[in-house]
Amino acid sequence: DLSALASMAAVGRRSPVLIVGGGPVGLFASATLSRLRVRSILVEKHTTPSNHPRAHLLNTRTMELFREMGLEEAVHSLAPPRDEWRRFAYSDSLLGEQIAAEDHLNGGLWEHLQKASPATLSHVSQPRIEALLKKEALARSTEAGSQLLFGYECVSFQQQDGSVRALVRRTQPAPEDPQRPTDEGAGAEAGADAGVNAAAELSLDASALLACDGAHSSVRHALGVHLDGPPPLQHFYSVHFRAPELAPRLRGKEAMLHFVFNRDAVAVMVAHNVSEGEWVAQLPFFPRLERAERFDEAECARLIRACIGDESIAVDVRSVKRWAMNARVAQRMSVGSVFFVGDAAHQFPPAGAFGANTGLQDAHNLCWKLAAVERGEASSSLLNSYDAERRPVSLANAQLAVHNYLRGLRVADALGLPSSLPTAATSAIETATTALPPLSPLLNSALARSVSGAGLQICRATLIDVAGHRASHPLGRWRRARAAEVIKRGQSLPLLFPRHELGYVYDLHGAAVLLETNQTGHGLNRTLSFDHAGDDGESAVVTREHAKAGADPTRRLSSRDFWAGHDEVRLAAAIENEVYEPCTAPGARLPHHWLFDASDRRVSTLDLTSPFFVSTHATLSSMDASSQDLSDTATSAARSASSPLMTLFVDASASHVWADGAARVSNDFSLRIVSVQAAVVSSSSPPSSSSSPSSSS
């Protein structure tokens with residue numbers, strides 16, 4: 001259907017929201033805004049997504065968001081069987097002797113997380129999630145008149161009077177037949193625009209621009225906003241390969257992550273889908289000690305076979321990408337009407353899988369606020385709370401990811417492979433280069449890297465075979481036992497983070513606060529505002545430890561201060577505490593509790609607060625005879641001019657208590673009962689007559 005894109009000329013190519021970047025975060029934002037009936041235009045410079053798998057774990061909070069969108073089951077249907085990815089394994093090789101394995105979905109933390117949420121985490125490779133989100137965004141685009149333009153990039157933009165004007169340019173040649181319909185059957189893609197005659201350039205106006213354009217965000221760079229954080233923690237070559245022959249050989253030893261330590265290779269083998277043979281090998285690379293040219297496809301295949309432990313296994317290398325492990329957060333997450341979302345705002349080590357998950361949760365936080373402003377339910381100042389709420393979460397997740405990375409090194413250290421050795425060698429070369437400038441060309445030459453790279457391999461082999469876990473003498477057995485103990489005691493890299501995923505609270509300086517609620521007619525005309533951190537780009541970062549120590553909660557702490565004050569030893573005990581305690585304070589995630597509908601189907605309290613609730617749970621009811629009343633209440637609220645700030649479901653026999661209470665405190669605390677439906681009201685305790693007819697029935 002070409003009508004969506006062709007209509008751009010008629011509407012002046014303006015939309016409330018312009019999304020730059022069509023990865024998972026941008027597509028999620030597009031789908032969410034469309035479901036909230038907010039029109040958006042998404043531009044993505046590529047016409048086809050990368051097939052190189054990257055993110056793969058969708059944590060519990062993210063799955064709650066997919067549940068809210070009605071995509072939870074679709075996501076789970078894309079995941080391999082849970083038995084393939086519930087463990088982390090540590091071994092000499094995939095098919096060799098296993099040092100230890102940890103089942104993360106069998107224990108108190110897993111049971112704790114299951115009770116805390118209606119959703120469960122999932123393991124789906126990024127290309128598949130991206131395809132699902134693209135399909136959803138295209139399908140939902142017709143609901144709000146949104147467009148998705150693939151093959152276009154944002155080349156420039158300017159802000160003026162609270163709006164953004166962007167110039168987008170086609171990156172791919174227009175197809176020969178612009179009338180050809182898209183394969184998706186909905187929405188619009190680049191090359192399908194008869195209305196603008198496959199224009200090479202488009203000028204787009206929007207009230208807000210969402211920069212979802214990744215770690216090297218051109219939008220963020222254009223605004224001069226930098227990422228703060230320590231130097232890269234490590235460098236890797238990520239190798240996507242297929243090895244279907246591994247599946248039957250690994251039966252009973254499957255794991256999401258295989259940490260491999262042998263004389264020929266040290267690597268993390270990520271099983272994206274064991275049954276289908278989809279794997280990614282993360283091969284450490286030390287730029288000052290090794291030649292980058294060494295990591296060609298042939299050498300990568302050789303290293304992978306060494307990790308597998310059988311030279312006869314066929315390895316089909318699909319792609320090789322170099323990347324740096326960073327922990328960096330933007331100095332600010334918004335500038336005027338431009339908002340940085342996902343990797344454009346933060347980059348984390350993959351330990352803990354907080355990268356894509358944090359990005360999707362950024363988008364969720366921002367999209368409902370954009371919808372509230374667009375519908376006139378909130379002032380534009382509400383959007384300033386995005387930085388105040390999400391930047392502290394980004395900093396906390398960056399800190400946790402770094403700590404997780406260091407936890408992962410504990411096993412290598414126990415096996416006799418000191419993680420500090422390559423760093424020390426690199427520091428020695430840099431010191432020599434600085435102290436002896438005449439030797440700098442030699443020390444930085446390819447020959448020097450070849451020699452040091454060979455030395456690194458010899459050193460690794462010696463440490464493992466002579467003084468490490470492969471040594472034939474008692475020291476080798478002791479090292480294996482020590483590493484196994486580290487894993488058994490849960491001191492290595494974990495998978496589950498209930499407190500960090502579900503327990504954060506938006507209660508710091510600058511978070512959104514309800515200041516005024518006014519009832520008009522049958523709906524609510526409400527003004528949301530807040531006290532924000534100012535215009536110097538430094539939003540508040542106050543940890544609970546700082547608050548307990550009496551720190552000023554309004555003091556703005558830069559991410560440079562944050563990293564400078566990072567004390568790994570002092571924070572280890574606190575950061576590794578993952579006990580989630582449900583909290584009902586303003587700014588906290590609503591605690592999950594199971595309710596039941598008229599057909600005895602379970603419904604979570606989180607479902608009741610979803611803006612998409614009525615469409616996905618049309619027959620929702622309470623646990624007793626008031627099912628129809630409760631369903632009517634939810635439907636009425638959904639049809640009102642603006643949805644209520646809170647829908648409170650209470651025991652029918654106690655409804656009068658809530659009505660009386662609201663009448664007493666509403667003038668002071670801006671609290672109003674919008675609608676109370678009760679099938680059973682005690683004759684001895686009738687509803688308060690002080691409540692208006694529209695407030696109680």
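Residues numbered from 1 in each chain as written. Predicted model: local features only at pLDDT ≥ 70, side-chain atom pairs only at ≥ 80, totals over all residues. Heavy atoms only, no water.

Re the overall build of the protein chain
Part 1 of the reasoning: The helix and strand tally for the protein chain stands at 23 helices and 24 strands.
Part 2 of the reasoning: For the protein chain, the proportion of its 697 residues judged to be buried stands at 52%.
Part 3 of the reasoning: Considering only contacts in the protein chain between residues 6 or more positions apart, those separated by 24 or more positions represent 73%.
Part 4 of the reasoning: Accessible surface for the protein chain amounts to roughly 30,500 Å². Of this, 53% is attributable to carbon and sulfur atoms. (Helix = DSSP H or I, 4+ residues; strand = E, 2+ residues; numbered from the N terminus. Buried < 20%, exposed > 50% of the residue type's maximum accessible area, 1.4 Å probe, protein only. Contact = heavy atoms within 4.5 Å. Areas by Shrake-Rupley, 256 points an atom, 1.4 Å probe, with all protein chains shown as cover.)

Notes on the side chain of serine 334
Part 1 of the reasoning: Note on placement: serine 334 falls in strand β18 (residues 334-335).
Part 2 of the reasoning: Once you skip the residues sitting within four places of it in the chain, serine 334 turns out to touch Phe339, Phe340 and Asp387.

Notes on the confidence of the model for the protein chain
Part 1 of the reasoning: Confidence along the protein chain averages 78 in pLDDT terms, with 70% of residues attaining 70 or more.
Part 2 of the reasoning: A low-confidence stretch, residues 190-197 stays under pLDDT 50, and its non-local contacts, those more than four residues away or across chains, total 25 contacts.
Part 3 of the reasoning: Long-range and interchain partners of residues 515-561, a stretch whose pLDDT sits below 50, account for 108 contacts in this model, where long-range means more than four residues apart. (pLDDT = per-residue confidence, 0-100.)

Considering the nonpolar core
Part 1 of the reasoning: With 69 residues, the main nonpolar core has Leu18, Val43, Phe66, Leu209, Leu210 and Phe340 as its most contacted residues.
Part 2 of the reasoning: No other element matches the seven residues that strand β10 (residues 201-211) contributes to this core.
Part 3 of the reasoning: Look past the residues within four positions of phenylalanine 66 in its chain and what remains in contact with it is Phe28, Leu58, Leu71, Glu72, Val75, Leu133 and Leu360.
Part 4 of the reasoning: One finds Leu105, Phe259, Tyr405 and Ile487 within the second-largest nonpolar core, a separate group that totals 38 residues. (Core = buried A, V, L, I, M, F, W, Y, C linked by side-chain atoms within 4.5 Å.)

Considerations on the side chain of aspartate 310
Part 1 of the reasoning: Position of aspartate 310 among the secondary structure elements: in the loop between α9 (297-308) and β16 (316-325).
Part 2 of the reasoning: Among the polar contacts made by the side chain of aspartate 310, one reaches the side chain of arginine 249 at a distance of 3.1 Å.
Part 3 of the reasoning: For aspartate 310, the side chain forms a polar contact with the side chain of serine 312, separated by 2.6 Å.
Part 4 of the reasoning: When near neighbours in sequence (up to four residues on either side) are disregarded, aspartate 310 contacts Leu95, Arg249 and Arg305. (Polar contact = N/O pair within 3.5 Å; in protein donor to acceptor, adjacent residues only side chain to side chain.)

Looking at helix α15 (residues 474-488)
Part 1 of the reasoning: Here α15 contains 15 residues, and its C-alpha end-to-end distance of 21 Å stays within 8% of the 21 Å for a straight helix at 1.5 Å per residue.
Part 2 of the reasoning: Where α15 is concerned, the buried positions are Gly476, Arg479, Arg480, Ala483, Val486 and Ile487. Angular distribution of buried residues about the axis of α15 spans 120°; they occupy a single face of the element. Pointing more than 90 degrees away from the buried face of α15 are the exposed residues Pro474, Arg477 and Lys488.
Part 3 of the reasoning: Glycine 490 occupies a position one or two residues after α15 and carries a positive phi of about 70°. (Expected span 1.5 Å × (residues − 1). Arc of directions from axis to C-beta.)

Some remarks on the pattern of salt bridges
Part 1 of the reasoning: All told, the structure shown has 30 salt bridges when counted by the stated rule.
Part 2 of the reasoning: Note that glutamate 143 is salt-bridged to arginine 37, the shortest N-O span being 3.1 Å. With a gap of 106 residues between them, glutamate 143 in helix α6 (residues 126-144) and arginine 37 in the loop between α2 (24-35) and β2 (40-44) connect regions that are remote in the sequence.
Part 3 of the reasoning: When its relative accessible area of 55% is taken as the criterion, arginine 37 is described as exposed.
Part 4 of the reasoning: Taking the shortest distance from any N to any O, the salt bridge between glutamate 278 and arginine 242 comes out at 2.8 Å. One end of the pair, glutamate 278, is in strand β15 (residues 278-285); the other, arginine 242, is in strand β12 (residues 234-242), with 36 residues separating them in the sequence.
Part 5 of the reasoning: What makes arginine 242 partly exposed here is its relative accessible area of 22%. (Salt bridge = Lys/Arg side-chain N within 4 Å of Asp/Glu carboxyl O.)

Examining the packing of helix α11 (residues 385-414) against α15
Part 1 of the reasoning: Interaxial distance between α11 and α15 falls to 8 Å at its minimum, and their mutual angle equals 160°. Of the possible angle classes, the one that applies to α11 and α15 is roughly antiparallel. Every pair of crossing elements has a handedness; the one defined by α11 and α15 is right-handed. Judged by residue contacts, Arg410, Val411, Asp413 and Ala414 of α11 engage Arg479, Arg482, Ala483, Val486 and Ile487 from α15. (Axes fitted to C-alpha atoms, helices over the stretch in contact; angles between N-to-C directions. Parallel < 35°, antiparallel > 145°, perpendicular 65-115°, else oblique. Left-handed = near helix turned anticlockwise from the far one by under 90°.)

Here we look at helix α3 (residues 60-68)
Part 1 of the reasoning: Along α3, nine of the nine residues are buried, which leaves the element largely enclosed by surrounding structure.
Part 2 of the reasoning: Listed as buried for α3 are Thr60, Arg61, Thr62, Met63, Glu64, Leu65, Phe66, Arg67 and Glu68.
Part 3 of the reasoning: A side-chain oxygen of the first residue of α3 lies 3.3 Å from the backbone nitrogen of arginine 61; this N-cap is asparagine 59.
Part 4 of the reasoning: Positive backbone phi, at 80°, marks glycine 70, one or two positions downstream of α3.

Some remarks on the sheet that holds strand β5 (residues 98-103)
Part 1 of the reasoning: Here seven strands make up an open sheet; going across it, the order is β5-β4-β13-β14-β15-β12-β16 and the pairing mixed. Two strands bound the open sheet, and with one partner strand each, they are β5 and β16. Each neighbouring strand pair of the sheet contributes to a mean axis angle of 20°, computed without reference to strand direction.
Part 2 of the reasoning: The strands that α15 touches are β4 (87-91) and β5; relative to β5, the one it contacts most, it runs at about 5°. (Pairing = 2+ DSSP bridges.)

Here we look at the environment of tyrosine 386
Part 1 of the reasoning: Tracing the chain through its elements places tyrosine 386 in helix α11.
Part 2 of the reasoning: Leave out the neighbours within four places in its chain, and tyrosine 386 touches Met333, Phe339, Phe340, Val341, Asp362, Asn365, Leu366, Lys369 and Arg391.
Part 3 of the reasoning: Reaching out from tyrosine 386, the side chain makes a polar contact with the backbone oxygen of phenylalanine 340 at a distance of 2.7 Å.

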